[in-house]
Protein chains: 10
Amino acid sequence: MLYLVHMIVRIPRDLPKEEAQKIIAEEKAYSQELQRAGKWVHLWRITGEYANYSVFDVESNDELHDILSKLPLFPFMKIKVTPLAKHPSAI
Amino acid sequence: MLYLVHMIVRIPRDLPKEEAQKIIAEEKAYSQELQRAGKWVHLWRITGEYANYSVFDVESNDELHDILSKLPLFPFMKIKVTPLAKHPSAI
Amino acid sequence: MLYLVHMIVRIPRDLPKEEAQKIIAEEKAYSQELQRAGKWVHLWRITGEYANYSVFDVESNDELHDILSKLPLFPFMKIKVTPLAKHPSAI
Amino acid sequence: MLYLVHMIVRIPRDLPKEEAQKIIAEEKAYSQELQRAGKWVHLWRITGEYANYSVFDVESNDELHDILSKLPLFPFMKIKVTPLAKHPSAI
Amino acid sequence: MLYLVHMIVRIPRDLPKEEAQKIIAEEKAYSQELQRAGKWVHLWRITGEYANYSVFDVESNDELHDILSKLPLFPFMKIKVTPLAKHPSAI
Amino acid sequence: MLYLVHMIVRIPRDLPKEEAQKIIAEEKAYSQELQRAGKWVHLWRITGEYANYSVFDVESNDELHDILSKLPLFPFMKIKVTPLAKHPSAI
Amino acid sequence: MLYLVHMIVRIPRDLPKEEAQKIIAEEKAYSQELQRAGKWVHLWRITGEYANYSVFDVESNDELHDILSKLPLFPFMKIKVTPLAKHPSAI
Amino acid sequence: MLYLVHMIVRIPRDLPKEEAQKIIAEEKAYSQELQRAGKWVHLWRITGEYANYSVFDVESNDELHDILSKLPLFPFMKIKVTPLAKHPSAI
Amino acid sequence: MLYLVHMIVRIPRDLPKEEAQKIIAEEKAYSQELQRAGKWVHLWRITGEYANYSVFDVESNDELHDILSKLPLFPFMKIKVTPLAKHPSAI
Amino acid sequence: MLYLVHMIVRIPRDLPKEEAQKIIAEEKAYSQELQRAGKWVHLWRITGEYANYSVFDVESNDELHDILSKLPLFPFMKIKVTPLAKHPSAI
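Cut-offs used in this document
Residues numbered from 1 in each chain as written. Chains lettered and ligands numbered in written order. Predicted model: local features only at pLDDT ≥ 70, side-chain atom pairs only at ≥ 80, totals over all residues. Heavy atoms only, no water. UniProt positions renumbered as here; feature names shortened; annotations may be inferred. Helix = DSSP H or I, 4+ residues; strand = E, 2+ residues; numbered from the N terminus. Buried < 20%, exposed > 50% of the residue type's maximum accessible area, 1.4 Å probe, protein only. Contact = heavy atoms within 4.5 Å. Polar contact = N/O pair within 3.5 Å; in protein donor to acceptor, adjacent residues only side chain to side chain. Least-squares fit on C-alpha atoms with pLDDT ≥ 70 in both. Lys, Arg positive; Asp, Glu negative; His and termini not counted. Salt bridge = Lys/Arg side-chain N within 4 Å of Asp/Glu carboxyl O. Phe/Tyr/Trp six-rings, centres within 6.5 Å; stacked < 30°, edge-to-face > 60°. Pairing = 2+ DSSP bridges. Axes fitted to C-alpha atoms, helices over the stretch in contact; angles between N-to-C directions. Arc of directions from axis to C-beta. 1 Å grid on protein atoms, 1.4 Å probe; cavity = no way out; pocket = protein on both sides within 12 Å on 5 of 7 lines; lining within 4 Å. Points joined across faces, edges and corners; volume = space filled by probe spheres on them. Nonpolar A, V, L, I, M, F, W, Y, C, P; charged D, E, K, R; others polar. Buried area = accessible area lost by both parts, 1.4 Å probe.

Going by what an unreviewed UniProt entry lists, chain A is known as Muconolactone Delta-isomerase and is assigned to Oligella urethralis DNF00040. According to the UniProt record, the Pathway (unreviewed entry) comment for chain A reads "Aromatic compound metabolism; beta-ketoadipate pathway; 5-oxo-4,5-dihydro-2-furylacetate from catechol: step 3/3." In its Catalytic activity (unreviewed entry) section, the UniProt entry covering chain A states "(S)-muconolactone = (4,5-dihydro-5-oxofuran-2-yl)-acetate".

**Description of the overall build of chain A**
Each helix and strand counted, chain A has 2 helices and 4 strands in total. Ordering the α and β elements of chain A from the N terminus gives β-α-β-β-α-β. When the backbone C-alpha atoms are referred to their principal axes, chain A occupies close to 50 × 25 × 20 Å. Here chain A holds 91 residues, and 56% of them are scored as buried. If you take every contact in chain A between residues at least 6 apart in sequence, the share linking residues at least 24 apart comes to 66%.

**Topic: the side chain of His87(A)**
Mapped onto the secondary structure, His87(A) falls in the segment after β4 (77-86). Of note is the side chain of His87(A), whose polar atom sits 2.9 Å from the backbone nitrogen of Ser89(A). Residues contacting His87(A), with those up to four places away along its chain left out, are Leu43(G), Trp44(G), Arg45(G) and Asn52(G).

**So, the relation of the copies chain A and chain B**
Rotating chain A by 180 degrees and translating it 0.0 Å along the rotation axis places it on chain B, where the RMSD comes to 0.0 Å. What the rotation and shift describe, once combined, is the action of a two-fold rotation axis.

**Brief notes about the side chain of Arg45(C)**
The topology assignment puts Arg45(C) in strand β2 (residues 40-46). Although Arg45(C) lies buried, it forms no salt bridge, and the closest oppositely charged side chain, Glu49(C), sits 8.7 Å away as judged by the N-O distance. In terms of polar contacts, Arg45(C) uses its side chain to reach the backbone carbonyl oxygen of Ala51(C), at 3.0 Å. Not counting residues up to four positions away in its chain, the partners in contact with Arg45(C) are His65(A), Pro83(B), Leu84(B), Ala85(B), Lys86(B), His87(B), Pro88(B), Tyr50(C), Ala51(C) and Asn52(C).

**Here we look at the pattern of salt bridges**
Evaluated as defined, the whole model comprises 50 salt bridges over all chains. Asp66(A) serves as the salt-bridge partner of Lys70(A), at 2.8 Å between the closest nitrogen and oxygen.

**Observations regarding the packing of aromatic side chains**
Residues and elements named next belong to chain H. This model, assessed by the stated rule, comprises 15 aromatic pairs over all chains. The interplanar angle of 40 degrees and the centroid separation of 4.6 Å between the aromatic rings of Trp40 and Phe56 together place this pair among those described as tilted. Placement of the pair is Trp40 in strand β2 (residues 40-46) and Phe56 in strand β3 (residues 51-57), with a sequence separation of 16 residues. Classification of Trp40 as buried rests on a relative accessible area of 3%. Here Phe56 falls in the buried class, since its relative accessible area comes to 0%.

**Points about the sheet that holds strand β1 (residues 2-9) of chain F**
Strand order in this closed barrel of 8 strands is β1(F)-β3(F)-β2(F)-β4(I)-β1(I)-β3(I)-β2(I)-β4(F), and the pairing throughout is antiparallel. Here the average twist between neighbouring strands, direction ignored, is 35 degrees. As judged from the 3 bridges shared by strand β2 (residues 40-46) of chain F and strand β4 (residues 77-86) of chain I, these two strands associate in the antiparallel manner. When the bridges of β4(I) are listed, Trp44(F) appears paired with Lys86(I).

**Observations regarding the environment of Arg13(G)**
Position of Arg13(G) among the secondary structure elements: in the loop between β1 (2-9) and α1 (17-36). For the pair Arg13(G) and Phe56(G), spaced 43 residues apart in the sequence, the C-alpha separation amounts to 30 Å. Setting aside residues no more than four positions away along its own chain, Arg13(G) makes contact with Pro12(B), Asp14(B), Leu15(B) and Phe76(B). At 2.8 Å, the side chain of Arg13(G) forms a polar contact with the side chain of Asp14(B).

**Some details on the sheet that holds strand β2 (residues 40-46) of chain J**
Around the barrel, 8 strands lie side by side as β1(H)-β3(H)-β2(H)-β4(J)-β1(J)-β3(J)-β2(J)-β4(H); this closed barrel has antiparallel pairing. Taking each pair of neighbouring strands and ignoring which way they run, the sheet shows an average axis angle of 35 degrees. Contacts between helix α1 (residues 17-36) of chain H and the sheet are confined to β2 and β4 (77-86) of chain H, with β2(H) contributing the most and set at about 135 degrees to the helix. In this fold helix α2 (residues 61-69) of chain J packs onto β1 (2-9), β3 (51-57) and β4 (77-86) of chain J, with an angle of close to 25 degrees to the strand it touches most, β1(J).

**Topic: the UniProt feature "domain: Muconolactone isomerase" (unreviewed entry) in chain A**
Residues annotated by UniProt as "domain: Muconolactone isomerase" (unreviewed entry) correspond here to residues 1-89 of chain A. A distance of 17 Å separates the end C-alpha atoms of residues 1-89 of chain A, which is 33% helix and 36% strand.

**Brief notes about the relation of the copies chain G and chain A**
For the pair chain G and chain A, the relating rotation is 180 degrees, the translation along its axis is 0.0 Å, and the fit reaches an RMSD of 0.0 Å. Comparing contact sets, 100% of the residues at the interface of chain G also lie at the interface in chain A, consistent with an isologous, same-surface contact.

**Let's talk about helix α2 (residues 61-69) of chain A**
Of the positions making up α2(A), those classed as buried are Asn61(A), Leu64(A), His65(A), Ile67(A) and Leu68(A). Relative to the axis of α2(A), the buried residues are bounded by an arc of 160 degrees and lie together on one face.

**Remarks on the layout of surface pockets**
In this structure, the second largest pocket spans a volume of roughly 610 Å³. In terms of lining, the second largest pocket is formed by 27 residues, of which the most central are Lys80(E), Val81(E), Thr82(E), Lys80(F) and Val81(F). Tallied by class, the residues present in the lining of the second largest pocket amount to 14 nonpolar, 8 polar and 5 charged.

**Let's talk about the interface of chain A and chain B**
Contact with chain A, which involves 13 residues of that partner, is made by 13 residues of chain B. For the pair chain A and chain B, the summed buried area comes to about 890 Å², and 61% of that belongs to carbon and sulfur atoms. Sorting the residues of chain A by area buried against chain B places Met1(A), Asn61(A) and Pro83(A) first, and these three jointly supply 51% of that buried surface. Applying the counting criterion to the chain A and chain B interface returns 0 salt bridges. Mapped onto the side of chain A that touches chain B, the elements with two or more residues apiece are β1 (2-9), α2 and β4 of chain A. The element contributing the most residues to the side of chain A that touches chain B is β4(A), with 5 residues. Each residue belonging to the side of chain A that touches chain B can be placed in one class, and the counts come to 7 nonpolar, 3 polar and 3 charged.

**Regarding the interface of chain G and chain A**
Counting residues at the interface gives 26 residues for chain G and 26 residues for chain A. Around 2,500 Å² of area is buried between chain G and chain A when both sides are counted, 64% of it from carbon and sulfur atoms. Taken together, the links from chain G to chain A amount to 0 salt bridges. Every element with two or more residues in the side of chain G that touches chain A is listed here: β1, α1, β2 (40-46), β3 (51-57) and β4 (77-86) of chain G. In terms of residue class, the side of chain G that touches chain A is built from 13 nonpolar, 9 polar and 4 charged.

**Quick word on the pairing of strand β4 (residues 77-86) of chain F**
All names here are of chain F. Counting buried residues in β4 gives 7 out of 10 residues, a clear majority hidden from the surface. Where β1 and β4 come together, 7 bridges link them in antiparallel fashion. Bridge pairing links Ile8 to Lys78 in β4.

**A closer look at the arrangement of the chains**
Over all C-alpha pairs, chain B and chain E never come within contact, reaching a minimum spacing of 15 Å. There is a clear gap between chain D and chain H: no contact, and 16 Å between their nearest C-alpha atoms.

**Here's the deal with the pairing of strand β2 (residues 40-46) of chain A**
All names here are of chain A. Where burial is concerned, most of β2 is hidden: 6 out of the 7 residues are buried. Across 5 bridges, the pairing between β2 and strand β3 (residues 51-57) is antiparallel. Bridge pairing in β3 places His42 opposite Val55. Where β2 folds back onto β3 in an antiparallel hairpin, the turn is made up of 4 residues, including Gly48, whose phi is positive at roughly 90 degrees.

**Quick word on the environment of Met77(D)**
Residue and element names in this part refer to chain D. Among the secondary structure elements, Met77 is positioned in strand β4 (residues 77-86). By relative accessible area, Met77 is classed as buried at 15%. In this structure the C-alpha to C-alpha distance between Met77 and His6, which are 71 residues apart in sequence, comes to 9.7 Å. Setting aside residues no more than four positions away along its own chain, Met77 makes contact with Met7, Ile8, Val9, Glu27 and Leu71.

Here's what the structure looks like:
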């Protein structure tokens, strides 16, 4: 089941640099693990913004929330989830 | 799986009265059938507005879209779907 | 009498961790007490957000305000209240 | 119990003049009856707009919805209801 | 002459508690004095929010601004003023 | 007493041309009469829009509403009124 | 090069049914042709709305505009285009 | 002197086709004349929308308003004007 | 040439009091100098807000930007500029 | 390929002055280098705001994102990118 997820990242300036880099590295590893697992099926950078559009393929709202809320960057993100359905014209 | 659905109804004035009443009756029957089936679990009127908040319990985004797009009033509705997950404090 | 309440939680980063955890624990206890009392009838997590939709069943606006303003997390919340009425199609 | 109600009126131009005047007259009578009954406690015109802020004193959300949805101008109104509570500083 | 005033209060967390309580007490005294003087004619808490809707009866925009800008909480408020006029249906 | 008034004009296309021109001419005469009377003290076109910012100098909210609601173009306008006060730096 | 495109469809009620169905059929054929050509790489229905999120893989802004402006439903659509770039964490 | 102008075009469906085409042709001629005259210095289509961003180089706000209000499509446009100044880093 | 300028002032609380008062005094002197020079032709306080509407009469966008960007309070302001043109009904 | 880019700059007050000036100088050098390279084809200050509208001529979304994300002021900017296409009336 697919969801479009819009994530805006705002890392506060007073977060120590090492801590920020550590979190960003964890975020990358976490997202790549989910990508390999086929859960995080698309991850695109929004041109010009520290933000992304992603598509997740999961079994339920709860699974999606679990995944998103465990994002290392979650505390610094504004997230909007749009549930997607099959389009009658999609081949 | 639960979804909160916000529906604003705007029936155009130039829709013939009988046709409007027919659709509204169909809408009521359709919604009550889904309520009895346990799909449409909550249906509340927003005080002062021709609009409602509803909660649906369905298996997937696709099932929800199928249900909503077949609402007789669908062509006259502005709909927003918010996917819900289990809250850690909910008993 | 029912109200839909939208709560967005923003715990400031500079709130000491223990204090934050204490407040969150108090919030959980407080909400579960109200759930058991039948006041807080629904509590759903909005998928992907540190926010919830809740439904309260109380006697008056004042009682609802009293309940909400005593939420341990109240100082860190953005809250919107929508009064609900009985829908003519609701069974 | 008090509610602040914001009403924007948009009477469509193609509504026959007599019908519009009839509805407006009914609206006035309806509102004055509720004012005399102590339900509609304040009715103020928003300067420069075909809109008003009103305050209602009713027993429940349902009673308020019943009153508002029976406004003759209801089909031509955009309404927002804000539930009010007692302010700790109000004398 | 009447004005509807919407006030959202945001007291910064790093304002020392005593100072905050002192200002809140001053605010209460200030508002009650104006209520007794018939200037501040209505003061309602918005259910679920640290905000209020108030109605002022003053002689001019300038008098209203003078009153509002001297609110002890003024530096921590977001205020919107809506000028009100007599409604033709108001009794 | 001064008010800034923002007026957006939307004349419906299906208003017969002569009727539109008649109303526009009446609007011009009406506004120039008020300008001569010192009530309508500024009238500026917003560059690129069929809209204006105006400043009125009147005795009360009611007088302003009376003036604005009698604008021949009033039924085709979206109006926002901002009450102005004396600025402490204004000479 | 990827673009996320948000399309909201509003087919006016007074469009003759056959004409509407003809356009919708043309839209389906047109979109499926582009899907087969690898231009229209994703087409998802937004749950509960007559709207979709799509992803296009094209050579330029101009090519995208050419494709979108030739959509049979283009005159009845509200479209927003978000240019996408490669995300550093995307595998 | 430069201005960025955002123009959204909404040609009503019930405008006879020939009349619409005539206006669009006049619009093209009018804009190309201004482009040749160096007034309309940039004209870009917003990808995916019946809208454009343009830059005008004119002597005054009044001249710009005169130009824009004489656009054949002006009655069917939503226009926003942003005055531009020289950027200190611009070479 | 006239411009309407909307200025919202937000002086951060952690700006030392003396520094704030110094800047405010400089702002007053700066604005009164421009008022005397006929550049800053209107300066009105928005009732209830630490904000103003002003009208400037300058030669160009660049001159206006130069004036505004040199406002001592500029770093603490949110500013919106609306270019004004002569209204055909203005006497 | 052209893109309109809207950049709002908000340099936090607690950024040490020298560091801020260093970044601003780097930004200027970086932007002028791109201007000379023909990538950053227009750079205009929005009158009255610490913001700009720019036009970039680049090969792809990715190239644009690379350029923008390397702006020294990027961490202090709110950026919106609008992809532009050739306008049929542009000469």
